[in-house]
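# Secondary and tertiary structure notes
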Amino acid sequence: MNAMPPCVLTSVDVFAHGAEIRWRSLPPAPEAIRIDFTGGPLPITAANLAAAIGQRHVRQAIASLIAIASGEPDDDWHLHYTTVSHVVARQARVYPLNRPDLRRPEEGGPS
């Protein structure tokens, strides 16, 4: 049985009510803050995003972006945005799609 390849994410859209993960290139809603993952050298998977969100400072940055999207002013919005995008990109370097130890033996991973 062939395993499905991991889903590659294109972006996360942050709204006043929360965030939505995107895996297709849909246009963002006008009120959304889009964190784009397509500009980096490595594809971003849901596992990369989950590992980043597991870090407290990333959760705080996302919470700040949600507050900004709901209308609260914040001069450091770019810092919150950069925190999320950089940590997710770092997770993609640590856990890339082709890392053999993350694959099952029938997919070419360790036995």
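See the structure above.
What this report covers is the structure whose coordinates are included nearby. (Residues numbered from 1 in each chain as written. Predicted model: local features only at pLDDT ≥ 70, side-chain atom pairs only at ≥ 80, totals over all residues. Heavy atoms only, no water.)

### Here's the deal with the environment of Asp13
Assignment of secondary structure puts Asp13 in strand S2 (residues 11–15). The exposure class of Asp13 is buried, given its relative accessible area of 0%. In this structure, the C-alpha to C-alpha distance between Asp13 and Arg34, residues 21 residues apart in sequence, is 4.4 Å. Setting aside residues no more than four positions away along its own chain, Asp13 makes contact with Gly18, Ala19, Glu20, Arg22, Pro28, Ala32, Ile33 and Arg34. Among the polar contacts made by the side chain of Asp13, one reaches the side chain of Arg34 at a distance of 2.7 Å. (Helix = DSSP H or I, 4+ residues; strand = E, 2+ residues; numbered from the N terminus. Buried < 20%, exposed > 50% of the residue type's maximum accessible area, 1.4 Å probe, protein only. Contact = heavy atoms within 4.5 Å. Polar contact = N/O pair within 3.5 Å; in protein donor to acceptor, adjacent residues only side chain to side chain.)

### Describing helix H2 (residues 56–69)
The first and last C-alpha atoms of H2 sit 20 Å apart over 14 residues, in line with the 20 Å expected at 1.5 Å per residue. Looking at the packing, one finds that the buried side of H2 touches S2, strand S4 (33–36), helix H1 (46–53) and helix H3 (77–94). Remark: Gly71 follows H2 within two positions and exhibits a positive phi of approximately 110°. (Expected span 1.5 Å × (residues − 1).)

### Observations concerning the side chain of His80
With respect to the helices and strands, His80 occurs in helix H3. On the basis of relative accessibility, which here comes to 14%, the residue His80 falls in the buried class. Here the side chain of His80 touches Asp74 through a polar contact of 3.0 Å, side chain to side chain.

### As for the environment of Ala63
Structurally, the position occupied by Ala63 is in helix H2. According to the relative accessible area criterion, Ala63 is partly exposed, its value standing at 44%. As for Ala63 and Ala19, which are separated by 44 residues in sequence, their C-alpha atoms are 9.5 Å apart.

### Observations regarding H1
Every buried residue belonging to H1 is among Asn48, Leu49 and Ala52, and all of these are buried. Taken end-on, H1 shows its buried residues confined to a sector of 95°, consistent with a single buried face. Buried-residue contacts for H1 involve strand S1 (8–9), S2, strand S3 (18–22), strand S5 (44–45), H2 and H3. (Arc of directions from axis to C-beta.)

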